[in-house]
Amino acid sequence: MGSIHGGAFVPALIVVDMQEDFCPPTGSLAVQDGRTIAPLINTLLAQPGFVARVATLDWHPTDHISFASNHPAPNNKPFESFIEMQNPAPGKETEIKLQQLWPVHCVADSPGAAIIPEIESNRVDLLVYKGKHSQVEMYSAIADAFGNLDPAVTAQSVNMDLISALRAKGVTDVFVVGLAGDYCVKCTAVDAVKAGFRSWLIEEGTKCVVPAGWDTVKEELRAAGVSVIHADDA
Ligand code: VGL
Ligand code: ZN
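In what follows, the accompanying structure is described. (Residues numbered from 1 in each chain as written. Chains lettered and ligands numbered in written order. Predicted model: local features only at pLDDT ≥ 70, side-chain atom pairs only at ≥ 80, totals over all residues.)

**Let's talk about the sheet that holds strand E8 (residues 227–229)**
Pairing in this open sheet of 6 strands is parallel, and the strands run E5-E2-E1-E6-E7-E8 from one edge to the other. Both edges of this open sheet fall to strand E5 (126–130) and E8, since each of them pairs with a single strand only. Neighbour-to-neighbour, the strand axes of this sheet turn through a mean angle of 25 degrees, independent of strand direction. Pairing of strand E6 (residues 173–179) with strand E7 (residues 198–207) involves 6 bridges; the strand directions are parallel. (Pairing = 2+ DSSP bridges. Helix = DSSP H or I, 4+ residues; strand = E, 2+ residues; numbered from the N terminus. Axes fitted to C-alpha atoms, helices over the stretch in contact; angles between N-to-C directions.)

The following block contains the structure:
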């Protein structure tokens, strides 16, 4: 790794949401073939070149705004319904976004929130918990749906900010894999560009909630400055 890059190249790996609830056969929000990417992710985790190996966990309270069952009928169908979500940052409450609803998933400390045992988690040196704030969606490991970066607002983790952790290690490039390609992986890769890193998404290292939409997602990623690459290129 590194031969194709000029200048400083200090890579980090971000493994997004390889959790039971996103994997067949039992996951409540199972992504088709989600478990099959574990061997490639383990190969990447074992690469000596990364200065940081991060795993993110979707980690929701039971009253999370994204759970369809927390909203009244008829606008409470998982995968289909959207509700209005307010920016939780002080002074920004008038900012509204439409929020897609999901089945209950990745409830903090529940079996569904566990990283799947196929992933060699012992190689991970930083765990990032996200989606802990009950009133805002947070697909990205870096910022919530409104771009709030302050951990006090996003409650993304306990006393930790992923960007500062990466900057402290001098990271220039992040390589993103995991679940799901069209939600949390995409948003993390895009926010990494916004945070000033070169951002690479390894195509064979992800699976999508809607596989048929991947070509469109790739266009969005490229437009946002993310390089979508194959595992062999990394
Ligand atoms: C995700 C939907 C809801 C993901 C998380 O990890 O892609 N998708 N929460
Ligand atoms: Zn979630």
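**Here we look at the site of ligand 1**
Every residue close to ligand 1 is listed here: Asp17, Phe22, Asp58, Ser66, Trp102, Tyr139, Leu179, Ala180, Tyr183 and Cys184. Counted by class, the shell around ligand 1 contains 7 nonpolar, 1 polar and 2 charged residues. (Near = placed C-beta within 6 Å. Nonpolar A, V, L, I, M, F, W, Y, C, P; charged D, E, K, R; others polar.)

**As for unusual backbone geometry**
In this structure, the amide linkage connecting Pro24 to the following residue, Pro25, adopts the cis form with an omega of 5 degrees. Along the chain, Pro25 falls in the loop between strand E1 (11–16) and helix H1 (38–45). The amide bond that connects Leu179 to the next residue, Ala180, takes the cis arrangement and shows omega of -10 degrees. With respect to the element layout, Ala180 can be found in the loop between E6 and helix H4 (184–194). The residue Asp33 is not glycine, and still its phi comes out positive at about 65 degrees. Relative to the helices and strands, Asp33 is located in the loop between E1 and H1. For Asp33, a count of 12 C-beta atoms within 10 Å corresponds to the exposed category. Backbone geometry places Asp109, a non-glycine residue, at a positive phi of 70 degrees. Assignment of secondary structure puts Asp109 in the loop between strand E4 (96–100) and E5. (Buried ≥ 20, exposed ≤ 12 C-beta atoms within 10 Å, placed from the backbone.)

**Re the pairing of E6**
Counting buried positions along E6 gives 7 out of 7 residues, so the element sits mostly inside the fold. Burial along E6 is two-sided: Asp173, Phe175, Val177 and Leu179 facing one way and Val174, Val176 and Gly178 facing the other are all buried. Strand direction decides the pairing type here: E1 and E6, joined by 6 bridges, are parallel. Looking at E6, one finds that Ala12 is bridged to Val174.

**Quick notes on H4**
Given 3.6 residues per helical turn, the α-helix brings residues three or four places apart onto the same face. Counting buried residues in H4 gives 9 out of 11 residues, a clear majority hidden from the surface. Among the residues making up H4, those that are buried are Cys184, Val185, Lys186, Cys187, Thr188, Ala189, Val190, Asp191 and Ala192. Tucked inside the fold, the buried residues of H4 contact E1, strand E2 (52–58), E6, E7 and helix H5 (214–223). (Contact = placed C-beta atoms within 7 Å.)

**Some remarks on the environment of Phe82**
In this fold, Phe82 is placed in strand E3 (residues 82–86). For the pair Phe82 and Gln32, spaced 50 residues apart in sequence, the C-alpha to C-alpha distance is 23 Å. Excluding its chain neighbours within four sequence positions, the residues that come into contact with Phe82 are Leu98, Gln99, Gln100 and Leu101.

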